[in-house]
Amino acid sequence: MIRILLRCDYLSLLPKLQEKLEKSGFLPVEDGEDAALFVPQLSRSGWEKEVLACTARGGAVVIVRKENIPEAERLLKGSGAAVLPHDVPFPVLAGVLQAEAKAGERLFAVCGEIDRLRERLESEKLVHRAKLTLMERGMNEEEAHRFLEKQAMDRRLSRRAVAEEVLKERVP
């Protein structure tokens, strides 16, 4: 079941929209959503910030009157949010919500991979700086590399932890 954050400024429309979503296999939730559906009054200040906050976590769909589509698209430019007309057929809306939820899953996975790569790059930079420090103390590159590897294995530490110690001058 796809969890949908539902924000609708039109109170008379809200129950009908919730019912259609639930009948189509969506679960309206308050947080922890897979995608978000907004039906804002464009005159309400701050609605676009709510949409932008959701697009950072996953997909968002905004429904507005046809004449307001250009304004909504201008406000949300570059966010990845889908802007649809208010008379969009529900099956189309459901398909777009499913696609946005899948895009959100992919975005979450890619962001996690980026974080892991950043951490790995930072570790490698520390190890290289530690090698340079050891070379300044008289080792050649091969000796510095072996020293870091051996210290890490012998002490059951990561190369990063040993490199940090070298850089703090706790290891000769």
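The structure under discussion appears in the preceding block.
Below or above, wherever it landed, is the structure these notes cover. (Residues numbered from 1 in each chain as written. Predicted model: local features only at pLDDT ≥ 70, side-chain atom pairs only at ≥ 80, totals over all residues. Heavy atoms only, no water.)

### Quick notes on the environment of glutamate 30
One can find glutamate 30 in the loop between strand E2 (26-29) and strand E3 (35-39). A C-alpha to C-alpha distance of 21 Å links glutamate 30 and valine 83, two positions 53 residues apart in sequence. (Helix = DSSP H or I, 4+ residues; strand = E, 2+ residues; numbered from the N terminus.)

### Points about the packing of helix H4 (residues 90-136) against helix H5 (residues 141-154)
Two numbers describe how H4 lies on H5: the axes approach to 9 Å, and their chain directions differ by 125°. When the interaxial angle is binned, H4 and H5 end up oblique. In the packing of H4 onto H5, the handedness of the crossing is right-handed. Counting all contacts with H4, which are made through Val127, Ala130, Lys131, Leu134 and Met135, the residues of H5 involved are Glu141, Ala144, His145, Phe147 and Leu148. By residue class, the composition of the contact of H4 with H5 is seven nonpolar, one polar and two charged. (Axes fitted to C-alpha atoms, helices over the stretch in contact; angles between N-to-C directions. Parallel < 35°, antiparallel > 145°, perpendicular 65-115°, else oblique. Left-handed = near helix turned anticlockwise from the far one by under 90°. Contact = heavy atoms within 4.5 Å. Nonpolar A, V, L, I, M, F, W, Y, C, P; charged D, E, K, R; others polar.)

### Regarding unusual backbone geometry
Within the chain, arginine 156 stands out as a residue other than glycine whose phi angle is a positive 55°. Along the polypeptide, arginine 156 turns up in the loop between H5 and helix H6 (159-167).

### As for the pattern of salt bridges
Taken as a whole and judged by the stated rule, the model has 17 salt bridges. Among the ionic pairs, glutamate 19 bridges to lysine 23, the shortest N-O distance being 2.9 Å. With a gap of four residues between them, glutamate 19 and lysine 23 both fall in helix H1 (residues 14-23), about one helical turn apart. Here glutamate 19 falls in the partly exposed class, since its relative accessible area comes to 42%. In this structure lysine 23 comes out as exposed when scored by relative accessible area, which is 68%. A salt bridge links arginine 118 to aspartate 115; its shortest N-O distance comes to 3.8 Å. Placement of both arginine 118 and aspartate 115 in helix H4 is noted, with a separation of three residues, approximately one turn of the helix. According to the relative accessible area criterion, aspartate 115 is partly exposed, its value standing at 47%. (Salt bridge = Lys/Arg side-chain N within 4 Å of Asp/Glu carboxyl O. Buried < 20%, exposed > 50% of the residue type's maximum accessible area, 1.4 Å probe, protein only.)

### Section: H6
For the α-helix, the turn length of 3.6 residues means that residues three or four positions removed from each other point alike. Restricting attention to buried positions, one finds in H6 the residues Val162, Ala163, Glu165 and Val166. Buried residues of H6, viewed axially, fall in a sector of 160°; they line one side. Considering only its buried residues, H6 is in contact with H4 and H5. Following H6 by one or two positions, glutamate 169 adopts a phi angle in the positive range, close to 65°. (Arc of directions from axis to C-beta.)

### Considering the side chain of threonine 133
Structurally, threonine 133 can be placed in helix H4. Residue threonine 133 is classed as buried on the basis of its relative accessible area of 18%. Not counting chain neighbours up to four residues away, the residues in contact with threonine 133 comprise Val166 and Leu167.

### Focus: the nonpolar core
In globular proteins that are soluble, nonpolar side chains generally tend to be buried together. Ranked by size, the top nonpolar core spans 20 residues in total, and within it Leu21, Leu37, Leu93 and Leu97 carry the most contacts. For this core, the element with the most residues is H4, which contributes five residues. Setting aside residues up to four positions removed in sequence, leucine 93 forms contacts with Leu37, Val61, Ile63, Leu84 and Val88. Leu5, Val62, Ile69 and Leu76 belong to the second largest nonpolar core, which has 14 residues in total. (Core = buried A, V, L, I, M, F, W, Y, C linked by side-chain atoms within 4.5 Å.)

### Some remarks on helix H2 (residues 47-55)
By the burial criterion, the buried members of H2 are Trp47, Glu48, Val51, Cys54 and Thr55. Considered in projection along H2, the buried side chains sweep an arc of 120° and stay on one side of the axis. Buried residues along H2 sit against strand E1 (2-8), E3, strand E4 (59-64), helix H3 (69-75) and H4.

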